[in-house]
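Fold and contact review
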Amino acid sequence: MKNFKNSLFCAIDFRNPKDAHKLIYKVKNYIDGIKVGLEFFVANGPDSVTELKRYNLPIFLDLKLHDIPNTVYKSVNSVLKIKPEILSVHISGGKRMLRKISNIKHRPKIVGVSMLTSLDKDDLKEIGIRLNPRNFVKRLTKIALESKLDGIVCSALEAKIIKLMCPRNFLIITPGIRFGNEEMADQKRVSTPKQAIKNGASIIVVGRSITSSKDPENMAKLIKKTIE
Ligand code: C5P
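Basis of the calculations
- Residues numbered from 1 in each chain as written.
- Predicted model: local features only at pLDDT ≥ 70, side-chain atom pairs only at ≥ 80, totals over all residues.
- Heavy atoms only, no water.
- Core = buried A, V, L, I, M, F, W, Y, C linked by side-chain atoms within 4.5 Å.
- Buried < 20%, exposed > 50% of the residue type's maximum accessible area, 1.4 Å probe, protein only.
- Salt bridge = Lys/Arg side-chain N within 4 Å of Asp/Glu carboxyl O.
- Helix = DSSP H or I, 4+ residues; strand = E, 2+ residues; numbered from the N terminus.
- Axes fitted to C-alpha atoms, helices over the stretch in contact; angles between N-to-C directions.
- Parallel < 35°, antiparallel > 145°, perpendicular 65-115°, else oblique.
- Left-handed = near helix turned anticlockwise from the far one by under 90°.
- Contact = heavy atoms within 4.5 Å.
- Nonpolar A, V, L, I, M, F, W, Y, C, P; charged D, E, K, R; others polar.

Looking at the nonpolar core
If you look at the biggest cluster of nonpolar residues, it comprises 60 residues, and the most contacted ones within it are Ile12, Ile34, Val36, Leu52, Leu61, Ile204 and Ile210. Formed by 12 residues, the second largest nonpolar core is a distinct cluster that contains Phe4, Phe60, Val153 and Leu171.

Considerations on the pattern of salt bridges
When the charged atoms of two side chains lie near each other, side chains of opposite charge can form a pair. As enumerated under the stated definition, the model contains 10 salt bridges in all. Among the ionic pairs, Asp120 bridges to Lys188, the shortest N-O distance being 3.8 Å. Of the two residues, Asp120 sits in the loop between strand E5 (109-113) and helix H6 (121-126) while Lys188 sits in the loop between strand E7 (171-174) and helix H9 (193-198), which places them 68 residues apart along the sequence. Owing to a relative accessible area of 22%, Asp120 belongs among the partly exposed residues under this scheme. Exposure remark for Lys188: the relative accessible area of 40% places this residue in the partly exposed category.

Remarks on unusual backbone geometry
Residues other than glycine seldom take positive phi values, yet Lys83 does so here, at roughly 50°. One can find Lys83 in the loop between helix H4 (69-79) and strand E4 (86-90). Judged by relative accessible area, which is 58%, Lys83 ranks as exposed. Positive phi, normally seen in glycine, also occurs at Lys148, with a value near 65°.

A word on the packing of helix H1 (residues 17-27) against helix H11 (residues 216-227)
In the contact formed by H1 and H11, the axes pass within 8 Å of each other and the chain directions differ by 50°. Here H1 lies oblique to H11, going by the angle between them. Classified by chirality, the crossing of H11 by H1 is right-handed. Between H1 and H11, the contacting residues are Leu23, Lys26 and Val27 on the first element and Pro216, Glu217 and Ala220 on the second. The class makeup of the residues in the contact of H1 with H11 is four nonpolar, no polar and two charged.

Right, here's the structure in full:
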């Protein structure tokens, strides 16, 4: 299995596969992987993900599965035929769910989503969680480790502390990346690519900073250069 280090994955959040292919074609020489999220998957289905394999880049299937153990177990089994390198589930689905899927044979690397980068401490409070983001993410990391997951998805702001808790090969994937003065849009806990890698991220996920850029190719090239 590839050892991901200083890697840039581009989030191809498009509904139309033509747009996704057009974009990937432009940036494929500067990225280390493709992140496929719900927008693309729900609109186009599993075969459209398999088609992305033609670029010979690792696929991170970011489905963020979150359900009862049996349902997630069966869904992960259905994902096996797509053969993504990485698949995401929500850690808050609980240890029983996580353990059931981490025991599946010939599975992709499974990473646990901790706290979404679109949330902040006030959002946690609103859903009844009294921990601050740092302690909440630490707690979820402990659960991910105890459940034998392969990595975690978190904000770069917490990557440093997580790095200290985890074995070297544990993946730390950080979305919520903004390169310059682009719009924050729905993201709240953001970081620059350089800072994310410095803090210990193995993979940074960048979507709109590349996909909405006037020159996606150059943007991907620039981001890759800053993290190398
Ligand atoms: O466009 P932007 O760079 O903000 O996109 C970030 C991508 O990472 C989106 O596809 C989003 O679904 C995903 N993501 C995230 N926060 C997480 C996990 C995944 O933004 N905690």
